Amino acid sequence: MNNSLRQNPSPLCEAAWREIDLSAIASNYRAIRAAIAPGTKIFACLKQDAYGCGAGKVAALLSAEGVDAFGVVSIADALAVRKAAPGRPILLYPGIGPNAVDLVRDLDLTISISGEEDLASWLATGASLKVFVKVDLGFWRGGVAPCNLRRLMDLCTSESNVAVDGLYAHLSEFGDAGSSTSAQVARLTPLIEGLKAEGRLPATVMVSSSESLLSHPEFDMDAVDPGALLFGLTRSRTGRRALPTRLALSAIKARIVALKTCHDSMGAPPGLPGYHPAMRLAVLGIGWGHGVPRNLGSSASVLVRGRRAPIIPPIHLEHLRIDVTNIPEATLGDEAVLLGSSRADRITLPELAEAWNTDETGVGCGLRESLRRIDVAPQSNPNQEEGE
Ligand SMILES: *Cc1c(COP(=O)(O)O)cnc(C)c1O
């Protein structure tokens, strides 16, 4: 067998794949860039493999667009971004500890410091460190409590091999926490003023990610670190900034890899939901091993030749079954659409998210690495005319 073929099969050979419209990411980035002040930096948050879109490719694209810096959590994402974007600052959100100090130095990463213990553990490595101090303004997750920020800043600045380049927070914005976005930012204001008065304010102060970018332009500060917004995934539609963003994840598709009319020579039907005699059953080459929820119910469907075919649970590791009795023209090798358009019909991301019992971000971030990414052009992205 031809070796290059075996190692890099054509997308046409795949039984299942996701389609990514990289041009949507570039255009979302430009929309953010155009909306904020020219001096405000953009840290592109590419965590979770760029929300499922592929951290390396997205980093290369945004680097070419002139993005200022990146934010990631995992080593894998830091490696992919560094390879694609040599020389750009990369901020590590809380997640990687001092046992990764060699990588932090080799990849020239900026670490987050969320408390005194955290700082002490990194200082114990003896390495020179570039640091962003993270403060918890009400997310109740990473970051130092505001009452301890001054002391942590004092400790950091007294260390000769620690450079405090930034001060940042991640805001809680979905009403599931106690305080409003404004109340959270108000906790930071006096601290910023105090540090400024002493000439000790780090060069970059940053609190705004996707939702506050849309709803609170006044919180842009020195930099913003949107993630979801870059991929067209945002929950608020009522923000003060109406940015014309587009979805980057444009489709999830699988081929029909087996097809038959059920017959009692196969034995008693195994209690399939919706089973009826002479049911025409198709098998798709996608399963929970690719990220389809294992407990998906029988109300979910896919599109084949523009028509809805119900999914027959349970979902298997590499396969799922659909009922194509009412689509007699369905044939082996047909594309089935889990997300996206098929002729005049379309399964939207909100519809799929609801069927998968998650949200729009959850769909892309829940897909596994085994589901190949295919780049598609904007004209085949059904989500682009909607302007969201
Ligand atoms: C996830 C994350 C972001 C990006 O959040 P979005 O809501 O996706 O824009 C920014 N900063 C931190 C620290 C994060 O963890």
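(A) Region of the structure containing the domain arrangement of the protein chain. Domain assignment breaks the protein chain into domain 1 (22-231) and domain 2 (249-375). Distance from the C-alpha centre of domain 1 to the C-alpha centre of domain 2: 39 Å. Listed per partner, the contact involves nine residues of domain 1 and six residues of domain 2. For Asp375, the salt bridge identified is with Lys57, shortest N-O distance 2.6 Å. Run the count over domain 1 and domain 2 and you get three residue pairs in polar contact (both at pLDDT 80 or more).

(B) Spotlight on the site of the ligand. Around the ligand, 14 residues are found, and the nearest of them are Lys47, Tyr51, Ser210, Asp225 and Gly227. Between the ligand and Lys47, the relevant distance is 2.7 Å, taken from an oxygen atom to a side-chain nitrogen or oxygen of the residue. In this structure, a nitrogen atom belonging to the ligand sits 3.3 Å away from a side-chain N or O atom of His170. Its free accessible area being 390 Å², the ligand has 92% of it covered by the protein chains. Of the residues that constitute the shell around the ligand, the class distribution is six nonpolar, four polar and four charged.

(C) Geometry of the pattern of salt bridges. What the rule picks out here adds up to 22 salt bridges. Each of Arg150, Asp154, Glu198 and Arg200 takes part in a single network of salt bridges with overlapping partners.

What counts and what doesn't
- Residues numbered from 1 in each chain as written.
- Predicted model: local features only at pLDDT ≥ 70, side-chain atom pairs only at ≥ 80, totals over all residues.
- Heavy atoms only, no water.
- Domains from an automatic or database assignment.
- Contact = heavy atoms within 4.5 Å.
- Salt bridge = Lys/Arg side-chain N within 4 Å of Asp/Glu carboxyl O.
- Polar contact = N/O pair within 3.5 Å; in protein donor to acceptor, adjacent residues only side chain to side chain.
- Near = heavy atom within 4 Å.
- Areas by Shrake-Rupley, 256 points an atom, 1.4 Å probe, with all protein chains shown as cover.
- Nonpolar A, V, L, I, M, F, W, Y, C, P; charged D, E, K, R; others polar.

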